[in-house]
Amino acid sequence: MNKFFYLKLALQNLKKNSKMIIPYLLTATLFSMMFYVILALSLHSEFYGRTRGVMLSLGVIVIGIFAFIFLFYTNSFVIKQRKSELGLYNILGMEKYHISRILIYEILILALISITAGICIGSLFGQGIFLLLVKMVGDLPTMNFEISLDSIKWTYLLFGIIFLCTAFYNVSQIHLSKPIDLLRSKSEGEKEPKTKWIMTILGIACLAGGYYLAVTVKDPIQAIYLFFIAVILVIFGTYFLFTAGSIALLKLMRKNKNYYYKTSHFVSVSNMIYRMKQNAVGLANICILATMVLVMISSTGSLFIGVNDLIECEISKDVEASFGSYYLEVNQAVDQNIMNYFKDIEMTDFTRNYNFSLALKLEDNTMIPKDEDETNYSDYYYVYFSIQEDLDLKDHEIAVYFDDGTIIDHLTIGSQTYQVKYNSDNLENGSLDSMFNYNPGFKGLVYIVMEDEAAIDQMSKSIDLSHYGYVNWPQYNYGFNCDLSEEEFTKLQEDIYQIYQDTTDQFEDLEFRYGYSVNFQSAYRQELMEFFGSFFFLGIFLSILFMIATTLIMYYKQISEGYDDVKRYEILQKVGMSHEEVKKSIHSQIMIVFFMPLITAGIHLMFSFNMIYQMFMAFGMTNKAMFASVMAIVYVIFSIFYFIIYQLTAKVYYKIVS
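All values derive from a computational prediction rather than experimental measurement.

Basis of the calculations
Residues numbered from 1 in each chain as written. Predicted model: local features only at pLDDT ≥ 70, side-chain atom pairs only at ≥ 80, totals over all residues. Heavy atoms only, no water. Helix = DSSP H or I, 4+ residues; strand = E, 2+ residues; numbered from the N terminus. Buried < 20%, exposed > 50% of the residue type's maximum accessible area, 1.4 Å probe, protein only. Areas by Shrake-Rupley, 256 points an atom, 1.4 Å probe, with all protein chains shown as cover. Salt bridge = Lys/Arg side-chain N within 4 Å of Asp/Glu carboxyl O. Pairing = 2+ DSSP bridges. Patch = residues over 30% accessible without salt bridge, like charges linked within 9 Å, V, L, I, M, F, W, Y side chains within 5 Å. Polar contact = N/O pair within 3.5 Å; in protein donor to acceptor, adjacent residues only side chain to side chain. Core = buried A, V, L, I, M, F, W, Y, C linked by side-chain atoms within 4.5 Å. Contact = heavy atoms within 4.5 Å. Phe/Tyr/Trp six-rings, centres within 6.5 Å; stacked < 30°, edge-to-face > 60°. Expected span 1.5 Å × (residues − 1). Arc of directions from axis to C-beta. Lys, Arg positive; Asp, Glu negative; His and termini not counted. Charge placed at Lys NZ, Arg CZ, Asp CG, Glu CD. Axes fitted to C-alpha atoms, helices over the stretch in contact; angles between N-to-C directions. Left-handed = near helix turned anticlockwise from the far one by under 90°.

1. A short note on the overall build of the protein
Check the secondary structure of the protein and you find 18 helices and 10 strands. Classification of the 658 residues of the protein by burial places 51% in the buried group. As presented, the protein carries roughly 32000 Å² of accessible surface, and 61% of it is formed by carbon and sulfur atoms.

2. Looking at the pattern of salt bridges
Side chains bearing opposite charge may pair, as long as their charged atoms lie close to each other. With the rule as written, the count across this model stands at 4 salt bridges. D150 serves as the salt-bridge partner of K153, at 3.9 Å between the closest nitrogen and oxygen. Pair noted here: K153 and D150 are both in helix α6 (residues 149–176), with a separation of 3 residues, about one helical turn. Here K153 falls in the partly exposed class, since its relative accessible area comes to 48%. Two residues, D335 and R352, come together in a salt bridge whose shortest N-O distance is 3.0 Å. Pair noted here: D335 is in helix α13 (residues 328–342) and R352 is in strand β2 (residues 348–363), with a separation of 17 residues, a long-range link. R352 gets classed as partly exposed once you look at its relative accessible area, which sits at 35%. Linked by salt bridges that have partners in common, D335, R352 and E453 make up one network.

3. Details of the pairing of strand β1 (residues 319–324)
Most of β1 sits out of view: 6 of its 6 residues are buried. Neither face of β1 is left uncovered, since the one carrying V319, A321 and F323 and the one carrying E320, S322 and G324 both have all their residues buried. Looking at chain direction, β1 and strand β10 (residues 515–520) are connected through 6 bridges and run antiparallel. Across the sheet, the residue bridging to V319 is F520, located in β10.

4. Some remarks on the pairing of strand β6 (residues 410–413)
Pairing analysis gives 2 bridges linking strand β3 (residues 366–369) to β6, with the strands arranged parallel. In the sheet register, M367 faces β6, and the bridge partner there is I413. Where β6 and strand β7 (residues 416–422) come together, 4 bridges link them in antiparallel fashion. The residue of β7 that forms the bridge with I413 is Q416. As consecutive antiparallel partners, β6 and β7 are separated by 2 residues, and within that stretch G414 has a phi angle of approximately 60°, a positive value.

5. Some thoughts on a nonpolar patch on the surface
Residues V54, L58, I61, I65, F68, I69, W154, L157 and I161 make up a contiguous nonpolar surface patch of about 840 Å² in total accessible area. At the level of secondary structure, the elements contributing two or more residues to the nonpolar patch comprise α3 (51–81) and α6.

6. Concerning the side chain of S302
As for its placement among the helices and strands, S302 is situated in helix α11 (residues 263–305). Accessibility expressed as a relative area gives 1% for S302, which makes it buried. A polar side-chain atom of S302 sits 2.7 Å from the main-chain carbonyl oxygen of S298.

7. A closer look at the environment of Q388
Among the structural elements, Q388 can be located in the loop between β4 (381–387) and β5 (397–402). Among the residues examined, Q388 registers a relative accessible area of 14% and is labelled buried.

8. Digging into the nonpolar core
Counting 109 residues, the largest nonpolar core has F31, L41, F159, F537 and Y556 as the members making the most contacts within it. The contacts of F159, once residues within four sequence positions are left out, are A28, F31, S32, F35, A67, L71 and I115. Counting 46 residues, the second-largest nonpolar core is a separate cluster that includes A321, V330, I448 and M459.

9. Side note on the packing of aromatic side chains
As enumerated under the stated definition, the model contains 31 aromatic pairs in all. With centroids separated by 5.9 Å and ring planes inclined at 75°, the aromatic side chains of F35 and F159 adopt a geometry described as edge-to-face. Taken together, the residues span a long stretch of sequence, with F35 in helix α2 (residues 18–42) and F159 in helix α6 at a distance of 124 residues. One aromatic cluster is present, built from ring pairs that chain together Y341, F342, F350, Y354, Y476, Y478 and F480.

10. Considering unusual backbone geometry
At N365, a residue that is not glycine, the phi angle is positive and equals roughly 60°. By the secondary structure assignment, N365 is in the loop between β2 and β3. For H396, which is not glycine, the phi torsion reads 60° and is therefore positive. Tracing the sequence through the fold places H396 in the loop between β4 and β5. Residue H396 is classed as partly exposed on the basis of its relative accessible area, which comes to 25%.

11. Structural notes on helix α15 (residues 486–504)
For α15, built from 19 residues, the straight-helix expectation of 27 Å at 1.5 Å per residue is met to within 8% by its first-to-last C-alpha distance of 28 Å. The set of residues buried in α15 consists of F489, L492, I496, I499, Y500, T503 and T504. Projection of α15 onto a plane perpendicular to its axis shows the buried side chains occupying an angular sector of 115°, all on one side. Exposed residues pointing more than 90 degrees away from the buried face of α15 are listed as E487, K491 and E494.

12. Some thoughts on a negative patch on the surface
Together, D483, E486, E487 and E488 make up a negatively charged patch on the protein surface. If you trace the backbone, E487 turns up in helix α15.

13. A few points about the packing of α13 against α15
Viewed as axis vectors pointing N to C, α13 and α15 meet at an angle of 145°, and their least axial separation amounts to 9 Å. Crossing of α13 against α15: the hand is right-handed. Contacts between α13 and α15 pair V330, A333, V334, N337, I338, Y341 and F342 from the former with L492, D495, I496, I499, Y500, T503 and T504 from the latter.

14. A look at helix α1 (residues 5–16)
In this model, α1 (12 residues) spans 16 Å end to end at C-alpha, consistent with the 16 Å of a helix rising 1.5 Å per residue. Y6, L9, A10, N13 and L14 are the residues of α1 that are buried. Each buried residue of α1 sits inside an arc of 140° when the element is viewed along its axis, so together they form one side. Residues of α1 that are exposed and point more than 90 degrees away from the buried face comprise Q12, K15 and K16.

15. Remarks on the environment of D502
Assignment of secondary structure puts D502 in helix α15. Residues D502 and N337, spaced 165 residues apart in sequence, show a C-alpha to C-alpha distance of 9.8 Å.

16. Observations concerning the environment of T243
Here T243 lies in helix α9 (residues 220–255). Taking the relative accessible area as the measure of exposure, T243 reaches 23% and is therefore partly exposed. Taking the C-alpha atoms as reference, T243 lies 4.9 Å from A280; in sequence the two are 37 residues apart.

Next comes the structure, spelled out in structure tokens:
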């Protein structure tokens, strides 16, 4: 026998089954390209070890794991569709060993083509992708994409292992099956699926539990902890309901005689019962992938778009500096030296204030400090003390603003009791200090304006802070705009730090430590753009990956349903239905089946809104309207793409059944 006989036969098989093989080959090529590009970017000399490099490394792990799972999953579908063909080889006298050799040759050919093509395409388009990333993170596009030998090696290694596993699976399917079973694999009759009420109820419970966690969570930190629990519950609930719940619902519809015994309903419900049995897992996979795309693009896109709001909230001026300690005399000495230094700097929009913030609980008009052992802040207000010259306040008089509208006439803090001269009803939020940053993890905000620095110092000294769990010492804050180069900014930072150090060195035996900072808006912007830009870039890349997977699942589903519906066409026409009635009935079923995941994904996205928004608040993002708008736009755009994918894959289906 010709030594290239099995290789030629493998090539003929790949060509003959091109309708199933080519999409699988293209997907493997795209996956290997994406893995190679992201890995090469993470190992880039300008990225490695930086925030963007770490983010990309996480993407490498996600793509690697997903590629392994999905390529193995789609291979199992392809080999299932080819079982009768392989069984025929066995019936005609070819031994299982010879069939295994053919399958191994096929996998080897697919592996070499897809991995090599993926690396070549990645190298070709790598520079464009690299410049996109550089643009998104805010750097100037002066660097070049680096072709890394390590990334080539790891790409061949990972996808080599994936194809090796698929080869082992394919060979095992041949050796574990009888020839007659392989031959009949596509012609075996199907039993009606049983109603699995326990799985249906469990699915409803999982989905309800996940939705409940997402809707009721109010604390950003708690939202981060509960997010993965909610995701797992929703995933399991989706699989259970698509697998068992859909069949249970269809059988309930069949029991309704007034509904069921109509021509269109009779055919649709009967066929849908069997269709859901075959395709429930695939539809659940589409739904989960669609939800992942929607959540990922909505979240990363909102963070990227809202970065300017976050910058303005955190650092509204070109330069912001602060110094704080327990001792008023230290604060005032630093303030005097800093103000003298600022006289020689050309600046605009200068602001200066003195403040003190901590967490306090309100009980009977008394503010109670938070103990350091208590980890829950949800019952405590974030209380922010400051001074404001335009308010006429005298000794032991304060102005108080509660963001929840609480009204009080007096307030006790520590050993000091104050009369409230201005309350929430006559002190507008807009008049409050613009430099204030609110931590959303607390119950709410209380803004208290006092007479002067000495009043704040006296109040802070009256509180026992020895076991206090959250405190920012009384501090001076400065902010201004100025036109300086990067080197001048660096020198300014060094000068201010030196003033802090020299001034505090004049005081001996300070029992409590002090804190200080100098922040530049430009540096903070670059830091955020590097994080959120890399995050958004990774979100786009992974969403493309999931969209490819969604497309492939839909494509293979259309093929499998097309071959099944050829027989249904014939049977339904034999029992008296016209060609148009049959076609209309099957078309409506396909529309329901394929758009069910999109509708369910939209419901998942809607319920996830609150939880994702709460997590955004942990980042300092509070623009709920912007996030809602982005989420709605992303869902509409995804729906359009989904419909286009459906139309393209449906052509394959109609070509088979016509």
